[in-house]
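If you want the building blocks of each chain, they are given just below.
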Amino acid sequence: MEVRPILSTLRRHKTTSWLLILEIALTCAIVCNAVFMIGHRLQHMHMTSGIDEHSLVQIQLAEIAPTPDIYARAREDLAVLRQVPGVQAVALTNQLPMEGRSANSNLKLDPAQHERTLTATSYFGEDLPQTMGARLVAGRYLAPEEFMNADVVVKGLANGDTKGLPAVTVITQALADRLWPGQNPLGKTIYVTDQLGVRVVGVLADLARGTPYDDATAHYSFILPIFMGAGKDWSYVIRTRPQEREIVLKAAVAALKKADPKRVVTKQQTYDELREKFFADDRAMAGILAGVIAALLTVTALGIVGLASFWVAQRRRTIGVRRALGATRGDILRYFQTENFLLVSLGIVLGMMLAYGINVFLMAHYELPRLPGLYLPAGALALWAIGQLAVLGPALRASHVPPVVATRSA
Amino acid sequence: MFGYYFELALRMLRRNKALTALMVLAIALGIGTSMTTLTVLHVLTRDPLPGRSGTLYYPQIDPRDNSGAMPGKEPPEQLTLIDGFNLLHAKRADRQALMTGGTVPVQPDFAAIDPFYVEARYTTADFFPMFAASFRYGRGWDAADDEAKARDVVISSDLNARLFGGANSVGRTLRMADSLFRVVGVLGNWAPNPHFYDLDTGYYGHAEQVFIPLQSALDLHLQHEGSSDCWGNGTGGVGRIYPSPSCVWLQFWVRLDTPAKAADYQEFLIHYSAQQQALGRFVKAPNVRLRNVMQWLAYQQVVPDDVRLQTGLAFGFLLVCLVNTVGLMLAKFLRRGTEFSVRRALGASRRALFAQLLIESGVVGLAGGVGGLLLALTGLWIVRHRPSDYASLAHLDPAMLMTTFLLALGASLLAGLLPAWRACQVAPALQLKSH
């Protein structure tokens, strides 16, 4: 295809051509970054929790009047829940992965350190990994006799009595890899406070944090042998068969209310519901981004159709003359297709630079990673395809202009 | 003349309905999305207490030990109980209030309503006058009630409606957490957004239902809600055990009417820190901050990143829509070169032609603007029905309505100027000669 005549025609429509190029460049830049952000959100939303999500339900209760003995209350609740048909295991926990709230501790490897090594989520509760289905990859789970009541720990820390403090912990693989890269974490000690050093006795494959907003630190968790007792901030997590979740949840709530009627149920949900709430904003944002991409591409495609239609109508006589001079229908079709290809290509080149610029800005202001190079050719292909599709209609119409038009006056 | 041009414009636009529709739709979509996101951004960055926020300050001091605190670092975002009461009793500001969040079970007298939990604020007396809380009935308590650990409670109008049918409930008793309180005030329509005085319990759309004197709440061991940060051997509180002395978990606000008083107060904070250091309570050299409301909100970055991103995205989209419309309009005008040259040859001035074309593009812009406004209203309706904490705030106020109008007008003129100007450049003779 001869390109020179196309260029010389375009030179006569400089402003319009540049406007189209600008539109394609802007679309290309925004779409590349938007697709990238969608990918980023989807990846975040598919974060693993490390637990048997579809088998778990959560119940949270709040007392109306102060409970005399919160530990006895919790023990009785756990016993009541174990009696509910369909319940396979039950535990009292201070939080669940992705619950949207979390207890975090600043960990040190040496109490003399001035700065913390990192911040990790601290889980408290008996039978926690067993109930939630967090897989053990090394060492052992925490034993029931290692657990102590929360008020004992608080008092121990307040008066410096280290005998009353927990001595062991189970940590996640991610935390172990970060604290002691390439070493065996079993037997090593982490310091939760200056006096509270705990020895690692087990490693879990995974257990996500309560608020895993940041992908890099999302799996930094550890479990301490502390029993919280009944309280409005803690919840019971129940393991059951996925198809029985709703029934078991109802029966469990009823059983708990019967055990102590002076309580209000503040949460009762399946783990799947809990997880969906945590990622609701990300899902909404991905949806908005997808909507904007669709709208942008539609507007741009319609713009191309509109402009190409104008040009075809404007050049009817020229087309007729070319046809009369021996140009085939294919020649005319290819002429408009090539013209579109040239314009879109120029737009893509500008768009790539713009996309890169936008990405640099986003990286500086919104903690987004660098745009992978792969997005640029993908974006280019998409725009070329849309450009060709959009121009096809007008170009076909152009190719059907009969040669006889040349002989008519405009 | 205007009427004639307007009629001409309508006739021209009708001649190519699909194209006109495309241009109007593109502008409407662009303006609709931009206005939706801009309105959300606008309500989220709003001053929670207009006219007052400049004199309200949030003092920060640094009681931490050396661990986890390097020189030049920001002090903690809350106060310990001891420092809170020290600063409160020092009474160095025009007004001051020490507070923290909580939740309490409300036990209605009648069996028809089951007990339920509500969010609470445990605070000292100056909270209400300092934050300009409006009362429907009664008023707040005073400093003497604070010290007397009075069982007083101020309730929201929502709770008043729920418990007392909206009647004047001042003097009635209310049972909460198995204790009896006396209602001394019912708030009017008062709920500052963002929830600046305690961001840890939520940024937006957040309002406490009951307000209880801080000392009374501590006395009764009512449950604390919010964040606590600890160092050393501190623990953040379990059940009814409050956070340790080496934990920050209270908010302290002061009103300082003049900049000079603010400067004096900053000096006082440094002096207080030095004094505590001399006493051995503080380890570090004085590290204080004194931010007013808007500075505090900016420092805490309360506006969600996603909202800013969406706004940027919407304006990018608007730009594409505008470029699209300019291109189409230009192509359309240029094609009518013959018509323009005939009009020019018949004596129409370039200015007259320009006016005619500008009106034609203005009609497109105006139609797009009206469409955009409708889309923005729809967009805000969708935002209000999403489960975000700021959902209920997404309303178009007069300022944003004006902005929409100006944006639509500006966008359409912008989209019309270039094509109109370019089309006016036709030389009458040349165009006529070729035909």
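Just so you know, these numbers come straight off a predicted model, no measurement behind them. (Residues numbered from 1 in each chain as written. Chains lettered and ligands numbered in written order. Predicted model: local features only at pLDDT ≥ 70, side-chain atom pairs only at ≥ 80, totals over all residues.)

Draft legend 1. Here's a closer look at the overall build of chain B. Across its full length, chain B carries 14 helices and 13 strands. Radius of gyration (C-alpha) of chain B: 31 Å, far over the 22 Å computed for a compact globule of 435 residues. Summarising its shape, the C-alpha atoms of chain B cover approximately 100 × 60 × 35 Å along the three principal directions. Counting the 435 residues in chain B, one finds 46% classified as buried. Within chain B, counting contacts between residues at least 6 apart in sequence, those at least 24 apart form 77% of the total. (Helix = DSSP H or I, 4+ residues; strand = E, 2+ residues; numbered from the N terminus. Rg over C-alpha atoms; globule rule 2.2 N^0.38 Å. Buried ≥ 20, exposed ≤ 12 C-beta atoms within 10 Å, placed from the backbone. Contact = placed C-beta atoms within 7 Å.)

Draft legend 2. Structural context of unusual backbone geometry. All names here are of chain B. A cis amide bond, omega -5 degrees, links Asn193 with the succeeding residue Pro194. In this structure, Pro194 sits in the loop between strand 7 (179-187) and strand 8 (210-213). The residue Ala177 is not glycine, and still its phi comes out positive at about 45 degrees. Looking at the element boundaries, Ala177 is found in the loop between strand 6 (173-176) and strand 7. Look at His221: it is not a glycine, yet its phi comes out positive at around 55 degrees. Note on His221: 13 C-beta atoms within 10 Å, which makes it partly exposed.

Draft legend 3. Here's a closer look at the nonpolar core. The biggest cluster of nonpolar side chains holds 99 residues, and the ones touching the most others in it are A:Cys28, A:Ala308, B:Ile27 and B:Cys321. Elements with a minimum of two residues in this core: helix 2 (14-45), helix 9 (280-314), helix 11 (329-366) and helix 12 (375-399) of chain A together with helix 2 (17-44), helix 10 (305-335), helix 12 (350-384) and helix 13 (398-424) of chain B. Discounting chain neighbours no more than four positions away, the residues touching B:Cys321 are A:Val299, B:Ala26, B:Ile27, B:Leu29 and B:Gly30. Among the nonpolar cores identified, the runner-up in size contains 66 residues, and A:Leu61, A:Tyr191, A:Val201 and B:Tyr117 belong to it. (Core = buried A, V, L, I, M, F, W, Y, C linked by C-beta atoms within 7 Å.)

Draft legend 4. Expanded view of the UniProt feature "transmembrane region" (unreviewed entry) in chain A. All names here are of chain A. What UniProt calls "transmembrane region" (unreviewed entry) maps, in this numbering, to residues 18-39, 284-313, 341-362 and 374-396. Measuring from the first to the last C-alpha atom of residues 341-362 gives 30 Å, for a span that is 100% helix and 0% strand. Regarding residues 374-396, the helix share stands at 96% and the strand share at 0%, and the terminal C-alpha atoms are separated by 33 Å. (UniProt positions renumbered as here; feature names shortened; annotations may be inferred.)

Draft legend 5. Fine view of the interface of chain B and chain A. Of the residues lining the interface, 48 residues belong to chain B; the matching set on chain A comes to 52 residues. Contributing elements (two or more residues each) for the side of chain B that touches chain A: helix 2, strand 2 (95-107), strand 3 (116-123) and helix 10 of chain B. Looking at which element gives the most residues to the side of chain B that touches chain A, the answer is helix 10 of chain B, with 19 residues. Grouping the constituent residues of the side of chain B that touches chain A by class yields 23 nonpolar, 17 polar and eight charged. (Nonpolar A, V, L, I, M, F, W, Y, C, P; charged D, E, K, R; others polar.)

Draft legend 6. Representation of the UniProt feature "domain: ABC3 transporter permease C-terminal" (unreviewed entry) in chain B within the structure. The UniProt record annotates "domain: ABC3 transporter permease C-terminal" (unreviewed entry) at residues 313-425 of chain B. As annotated, residues 313-425 of chain B has a helix share of 83% and a strand share of 0%, and its two end C-alpha atoms lie 35 Å apart.

Draft legend 7. Looking closely at the UniProt feature "domain: ABC3 transporter permease C-terminal" (unreviewed entry) in chain A. According to UniProt, the positions carrying the feature "domain: ABC3 transporter permease C-terminal" (unreviewed entry) are residues 292-403 of chain A. End C-alpha to end C-alpha, residues 292-403 of chain A measures 43 Å, and it is 85% helix and 0% strand.

Draft legend 8. Inspection of the domain arrangement of chain B at higher detail. Residues and elements named next belong to chain B. Domain boundaries in chain B define domain 1 (2-45 + 304-433) and domain 2 (53-300). Each of domain 1 and domain 2 has a C-alpha centre, and these two points are 50 Å apart. Partitioning the side of domain 1 that touches domain 2 into residue classes produces four nonpolar, one polar and one charged. (Domains from an automatic or database assignment.)

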